[in-house]
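Examining the three-dimensional arrangement
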Amino acid sequence: MSYRYATERTDHSALASGQVLRSAPGYPGFPVRLASELLQRAMVHVEGGQVRLWDPCCGSGYLVAVLGLLHRDRLTHVRATDVDEDAVGIAARNLELLTAEGLAERERELRRSALDFGRVAFVERAESARDLAAGLAATGGDLPHESAVADVFGLTGPVDADLVITDVPYGEMTHWEGGVPEGDPIRGLLAAMGRVLPPHAVVVVTARTRRIPLPEGVRALERVKIGNRSAALVRARELAAAL
């Protein structure tokens, strides 16, 4: 795949997992440039200029936090849910970085760590937090957000979101949990999205696989393949019609 929107190789080191955003063992990050590309591709298919974003398999919340910091001007709200309570705890702290106070507190924390441990790396991270705060302020300021423990397979809806972007478990560092249906979990996830999302919503699912499986009769708006990851963009009304 050639990049259509995130064409410049911008330095996103400030958004690296564990730099300013919090990380933990077992909660992988996501390629920042690819995340930006997928959001911009999805925006072409979304009605209106700004969207409410949701990640139903959020893990540490890294993906939606990165998108909130990169594309604040395109988003009105960010929602992160996961069946893992510990994951949601980390996600909640990362989503706080979508506010001026959250980034200011993170900068203070990193500067305290620099004094306590005498490491220049913490000073650099603190400066990255300050730079992210400036960028957030310039593109719209604090971004409303929420996080919650929820089993995506058990949702009955409705969920107020215009765009879903999620990187699903792939069996190495992450695994499916909750009421996983028999058969293909990805198809089960897409069926759940069809039940709870408004018809106009766009769903972007990525996984470390050659091709994202779709429910029978559902056509992708787009398919993307880069490296060992594939993605499919699907309209919620098509998923609902396939139920």
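Residues numbered from 1 in each chain as written. Predicted model: local features only at pLDDT ≥ 70, side-chain atom pairs only at ≥ 80, totals over all residues. Heavy atoms only, no water.

The name recorded for the chain in an unreviewed UniProt entry is rRNA methyltransferase, from Nocardiopsis exhalans.

**With respect to the overall build of the chain**
Condition: Note on conventions: DSSP H or I runs of at least 4 residues are helices, E runs of at least 2 residues are strands, and numbering of each starts at the N terminus. Using C-alpha atoms as the atom set, the radius of gyration is obtained and then compared with a globule rule of 2.2 Å times the number of residues to the power 0.38.
Of regular secondary structure, the chain possesses 7 helices and 7 strands. Along its sequence from the N terminus, the chain presents helices and strands in the succession α-β-α-β-α-α-α-β-β-α-β-β-β-α. Relative to its length of 243 residues, the chain is compact, with a C-alpha radius of gyration of 18 Å against a globular reference of 18 Å. Projecting the C-alpha coordinates of the chain onto the three principal axes gives extents of approximately 60 × 35 × 35 Å.

**With respect to the packing of helix α4 (residues 100-117) against helix α5 (residues 120-138)**
Put simply, the test is: An axis is simply a line fitted to the C-alpha atoms; with a helix, the fit covers only the stretch in contact. Between two such axes, the angle follows the N-to-C directions and lies from 0 to 180 degrees. Reported orientations rely on four angle classes, namely roughly parallel under 35 degrees, roughly antiparallel over 145, roughly perpendicular from 65 to 115, and oblique for the rest. Note on contacts: a residue pair is in contact if any heavy atoms of the two residues lie within 4.5 Å. Only Asp, Glu, Lys and Arg are considered charged, only Ala, Val, Leu, Ile, Met, Phe, Trp, Tyr, Cys and Pro nonpolar, and every remaining residue, Gly among them, polar.
The contact between α4 and α5 brings their axes to 8 Å, and the two run at 170 degrees. When the axes of α4 and α5 are compared, the pair comes out roughly antiparallel. Along the contact surface, α4 presents Ala 100, Leu 103, Glu 107, Leu 110, Arg 111, Ser 113, Ala 114 and Phe 117, while α5 presents Phe 122, Val 123, Arg 125, Ala 126, Glu 127, Ala 129, Arg 130, Leu 132, Ala 133 and Leu 136. Classifying every residue of the contact of α4 with α5 by side-chain character gives 12 nonpolar, 1 polar and 5 charged.

**Remarks on helix α6 (residues 185-196)**
Heads up, the condition is: Expected span, for any helix, means 1.5 Å times one less than how many residues it has. Only protein chains enter the area calculation, which uses a 1.4 Å probe; residues under 20% of their type maximum are buried, those over 50% are exposed, and those in between are partly exposed. Whenever a nitrogen or oxygen atom comes within 3.5 Å of another N or O atom, the pair is scored as a polar contact, on the condition that within protein one atom can donate a hydrogen and the other can accept it, and that pairs from neighbouring residues in sequence are kept only if both atoms are in side chains.
Helix length check: α6, at 12 residues, gives a terminal C-alpha distance of 17 Å against a target of 16 Å (1.5 Å per residue), a fit within 8%. Of all the 12 residues making up α6, 10 are buried; the element is thus mostly covered by neighbouring parts of the structure. Taken together, the buried positions of α6 are Pro 185, Ile 186, Gly 188, Leu 189, Leu 190, Ala 191, Ala 192, Met 193, Gly 194 and Val 196. Those residues of α6 hidden inside the fold are in contact with β1 (51-55), β4 (163-167), β5 (202-207) and α7 (236-241). N-cap assignment for α6: the residue whose side-chain oxygen lies 2.8 Å from the backbone N of Ile 186 is Asp 184.

**Quick look at the pattern of salt bridges**
The criterion, for reference: Salt-bridge detection follows one rule: a side-chain nitrogen of Lys or Arg within 4 Å of a carboxyl oxygen of Asp or Glu.
Applying the stated rule across the entire model yields 14 salt bridges. Across the salt bridge formed by Arg 108 and Glu 101, the nearest N and O atoms sit 2.8 Å from each other. A relative accessible area of 37% places Arg 108 in the partly exposed class. Across the salt bridge formed by Arg 112 and Glu 105, the nearest N and O atoms sit 3.3 Å from each other. Overlapping salt bridges bring together Arg 4, Glu 37, Arg 41 and Glu 222 as one network.

**Observations regarding the packing of aromatic side chains**
In plain terms, the rule: To pair, rings of Phe, Tyr and Trp, with the six-membered ring standing in for Trp, must have centres within 6.5 Å; the planes then decide the type, stacked if under 30 degrees apart, edge-to-face if over 60, and tilted in the middle. A positively charged side chain is recorded as over a ring if its NZ (Lys) or CZ (Arg) lies within 6 Å of the ring centre. The angle to the ring normal must also be within 35 degrees.
Under the counting rule described, the total for this entry stands at 2 aromatic pairs. Taking NZ or CZ as reference, Arg 33 lies 3.8 Å from the ring centre of Tyr 3, over its face.

**Thoughts on the pairing of β5**
Working note: regular strand, side chains alternate between the two faces of the sheet. Quick reminder of the rule: One requirement defines pairing of two strands: DSSP has to find at least two bridges between them.
Where burial is concerned, most of β5 is hidden: 6 out of the 6 residues are buried. Of the two faces of β5, both are covered, the one formed by Val 202, Val 204 and Thr 206 as well as the one formed by Val 203, Val 205 and Ala 207. With 5 bridges joining them, β4 and β5 adopt parallel strand pairing. For Val 164, the partnering residue across the bridge sits in β5 and is Val 203. Sheet topology note: the β5/strand β7 (residues 229-235) ladder contains 6 bridges and is antiparallel. Bridge pairing links Thr 206 to Ala 231 in β7.

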